[in-house]
Amino acid sequence: MDQDKTPQPGEQGAQTPGAESTVCSRCGATAEGTPVTWTCSVENGVPLYLCEDCARANIRSIEGRLDSSWW
């Protein structure tokens, strides 16, 4: 991946090596460094970051699929 290229939403390698900012792999939002409110997952050995809004939406989606016995 070219270091000058801005990763697109959902693109593998959502964080450019050597960059000082983090890119959300879902919506493409950027932040300086890696905010503690963002979520990181490793898929196929590649770290993917979700911004606070996308992480919240993802968690709500997971919760919505749980059986009512979990609540």
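Residues numbered from 1 in each chain as written. Predicted model: local features only at pLDDT ≥ 70, side-chain atom pairs only at ≥ 80, totals over all residues. Heavy atoms only, no water.

Trainee: Tell me about the environment of Thr37, residues and numbers included.
Mentor: Here Thr37 lies in the loop between β2 (30–32) and β3 (39–43). A residue is classified by how much of its surface remains accessible, and Thr37, at 43% relative accessible area, is partly exposed. Residues Thr37 and Cys51, spaced 14 residues apart in sequence, show a C-alpha to C-alpha distance of 7.4 Å. (Helix = DSSP H or I, 4+ residues; strand = E, 2+ residues; numbered from the N terminus. Buried < 20%, exposed > 50% of the residue type's maximum accessible area, 1.4 Å probe, protein only.)

Trainee: Quick one: what's the story with the pairing of β3, residue by residue and with numbers?
Mentor: Note: β3 against strand β4 (residues 46–50), five bridges, orientation antiparallel. Across the sheet, residue Val42 finds its bridge partner in β4, namely Pro47. (Pairing = 2+ DSSP bridges.)

Trainee: Run through the environment of Ala31, naming residues and quoting values.
Mentor: Relative to the elements of secondary structure, Ala31 occurs in strand β2. In this structure, the C-alpha to C-alpha distance between Ala31 and Cys51, residues 20 residues apart in sequence, is 8.6 Å. Contact partners of Ala31, with chain neighbours within four places excluded, come to Glu20, Ser21, Thr22 and Trp38. (Contact = heavy atoms within 4.5 Å.)

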